[in-house]
Every structure is written in structure tokens, then in C-alpha cells.
Amino acid sequence: MNPEDAPVLDPLSQRIDAALRQEPPAPLPGGFHGALRRRLRIAALIQRERRVFLRRLLRVAALSVLAAAVAVSGGLYWDMSGTFLWEFPGFLGYVDYLAALTNRVWWLSGSPALLVSLGAVVMTLLVAGAFVGVFRQPVRSRLPFHGPVS
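The rules behind each value
- Residues numbered from 1 in each chain as written.
- Predicted model: local features only at pLDDT ≥ 70, side-chain atom pairs only at ≥ 80, totals over all residues.
- Heavy atoms only, no water.
- Helix = DSSP H or I, 4+ residues; strand = E, 2+ residues; numbered from the N terminus.
- Buried < 20%, exposed > 50% of the residue type's maximum accessible area, 1.4 Å probe, protein only.
- Contact = heavy atoms within 4.5 Å.
- Areas by Shrake-Rupley, 256 points an atom, 1.4 Å probe, with all protein chains shown as cover.
- Salt bridge = Lys/Arg side-chain N within 4 Å of Asp/Glu carboxyl O.
- pLDDT = per-residue confidence, 0-100.

## Overview of the overall build of the protein chain
Here comes step 1: Along its length, the protein chain carries 5 helices and 0 strands.
Here comes step 2: Along the protein chain, from the amino end to the carboxyl end, the secondary structure elements read α-α-α-α-α.
Here comes step 3: Of all 150 residues assigned to the protein chain, the portion counted as buried reaches 9%.
Here comes step 4: Here the contacts in the protein chain between residues at least 6 apart in sequence split such that 47% fall between residues at least 24 apart.
Here comes step 5: Of the roughly 12900 Å² of accessible surface on the protein chain, a fraction of 68% belongs to carbon and sulfur atoms.

If you want it as C-alpha cells, here you go:
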């Protein structure tokens, strides 16, 4: 740093700075280094867990996009709308049956599309939970140190 770039201090700041330079530094409290090491280790573990979570989230997003692309391309290739509506005898009658059945339940609407959507959401959450690692071992058993964290 050039002397020209140094901040210009007023005379009071210069006197305070000169007085503080002559004074010996205060001693650190006992256990400061140990507490600092623990906090740095915890901060490193938090950063690592954030990176792992972000990678898992990106993997789930990529797999979801891939699954949606495969489903859409398969549906377009085999023309699923025509298959479901015209090639399965009684399919529309079954849809009507589901609509009449869901009218009896007060918390569902009369459309079976709500049931299909609810089922799709539940299955997506289960699959995403499996990919993210909800069903994995607890984090505490994988920590690199075995002491109490305070």
C-alpha cells in the first residue's frame, strides 16, 4: 500500500493510535483457542452439509426433469391420450365411477383429477425424499470428531 493511499487521520485519531501502540495487548481468556477451534470445526461442518444438500437438491431436480422429459416424450411417441380414451373399453366409465365415488367424500371434489394429482404429489415427495436422503443414517454418527460440542 502506498503512503498516498493511506487514510488521512485527524490529530485525535493519531494520538489514540499512538497511545494504543504503546500499550501491551490484553491476555486471551482461558480456553479461547479450544472454543475457537470447535466453532471453526462446526462452521466447516455446516458448510460441508450445505454443499452436500445443494448437490442432492440438484440431483433430485435433474432426475425430476429427466423423468418428466421421458414421460412427455413417451406420451407423445405412443399417443397416450388416444390410447387411454379409445383403446381401453370401459375406461371412461371407470372415470365416471371414480367421480361418483369421490362425491361421497366431503373433502374431495367430484373430479378424479384431484385424486390423481394428490397421488402424484405424494409419490413425488416419497421419491424425492428417498433421493435426498431422508432415509439415511443420522448425521451425528458420521461426524469426524467424537467429543461433545458446546
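## Points about the pattern of salt bridges
Here comes step 1: The full count for this structure, using the stated rule, is 1 salt bridge.
Here comes step 2: Of the charged contacts, one joins Asp 17 and Arg 21 as a salt bridge, the two residues approaching to 2.6 Å between their closest N and O atoms. Here Asp 17 pairs with Arg 21, and both are found in helix α1 (residues 11–22), just 4 residues apart, close to one helical turn.
Here comes step 3: Its relative accessible area of 30% is what places Asp 17 among the partly exposed residues.
Here comes step 4: Judged by relative accessible area, Arg 21 falls into the exposed class, the value being 64%.

## Considering the confidence of the model for the protein chain
Here comes step 1: Per-chain confidence: the protein chain averages 76 in pLDDT, with 69% of residues scoring 70 or above.
Here comes step 2: By mean pLDDT, helix α3 (residues 80–87) is the weakest element of the protein chain at 64, and helix α2 (residues 32–78) is the strongest at 89.

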